[in-house]
Amino acid sequence: KYGHIKKVALGLLELSKNRMVSGSQDGDLIFYDLIHYKVITKFKDIECYSQNSIKMIDKRRLIVGGCNEINIIDVEDYQLITKFQDATIRNNLLF
């Protein structure tokens, strides 16, 4: 009757003074331009398990942990570097 109900954003991270990223358990990872208040780009199927599951590795790479996956994204080019999926991650969450 109501269709798919989206889950709230669980991870919010300021990338720089002008950019922010948010993730959700629904698999939406969204990069925002904070100067012009618009979406820069949006990834599908990049699940963010919790607020603690989204971190910068260094100045260029972002790691996002989902229930059964770990994703690494280049925040300068907005490209997925790697997606590691493994059912055992659920039992060994490091985030």
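The structure under discussion appears in the preceding block.
In this text the structure is predicted, and so the values were computed from the model without any measurement.

Calculation rules
Residues numbered from 1 in each chain as written. Predicted model: local features only at pLDDT ≥ 70, side-chain atom pairs only at ≥ 80, totals over all residues. Heavy atoms only, no water. Helix = DSSP H or I, 4+ residues; strand = E, 2+ residues; numbered from the N terminus. Core = buried A, V, L, I, M, F, W, Y, C linked by side-chain atoms within 4.5 Å. Buried < 20%, exposed > 50% of the residue type's maximum accessible area, 1.4 Å probe, protein only. Contact = heavy atoms within 4.5 Å. Pairing = 2+ DSSP bridges. Axes fitted to C-alpha atoms, helices over the stretch in contact; angles between N-to-C directions. Phe/Tyr/Trp six-rings, centres within 6.5 Å; stacked < 30°, edge-to-face > 60°.

Student: Explain the environment of G66 to me, please; I cannot follow it from the model alone.
Tutor: Of note, G66 is situated in the loop between β6 (61-65) and β7 (69-74). Linking G66 and G27, residues 39 residues apart in sequence, is a C-alpha distance of 8.6 Å.

Student: Any chance you could explain the nonpolar core here in plain terms?
Tutor: As a rule of thumb, nonpolar side chains are buried together in soluble globular proteins. Among the nonpolar cores identified, the biggest contains 13 residues, and V21, L29, F31, I54, L62, V64 and I73 are the most heavily contacted of them. Secondary structure elements with two or more residues in this core: β3 (29-33) and β6. In this view, F31 contacts L15, M20, V21, K38, V39, I40, T41, F43, L62, I73, V75 and Y78; residues no more than four positions away in its chain are not counted.

Student: Can you help me understand the environment of D26 in this one?
Tutor: Locating D26 in the fold gives a position in the loop between β2 (19-24) and β3. D26 sits in the partly exposed class, given a relative accessible area of 22%.

Student: Just to check I follow, could you spell out the sheet that holds strand β5 (residues 54-56) for this structure?
Tutor: Two strands in a sheet stick together by hydrogen bonds in their backbones, pointing the same way (parallel) or opposite ways (antiparallel). Read across the open sheet, the four strands follow the order β5-β6-β7-β8; overall the sheet is antiparallel. Of all the strands in the sheet, the pair left with one neighbour each is β5 and β8 (79-85). In this sheet, adjacent strand axes meet at a mean angle of 15° when their direction is disregarded. Relative to β6, β5 runs antiparallel, the two sharing three bridges. The partner of M56 across the bridge, within β6, is L62.

Student: Looking at this model, I keep getting lost on the packing of aromatic side chains. Mind explaining?
Tutor: Aromatic rings in a pair are described by how distant their centres are and how their planes are angled relative to each other. Enumeration according to the criterion identifies two aromatic pairs in this entry. Pairing F31 with Y78 gives two aromatic rings, centres 5.0 Å apart and planes at 70°, and the pair type is edge-to-face. Of this pair, F31 sits in strand β3 while Y78 sits in the loop between β7 and β8, placing them 47 residues apart in sequence. For Y78, a relative accessible area of 19% puts it in the buried group. Each member of the aromatic cluster is reached from another via a ring pair, and the members are F31, F43 and Y78.

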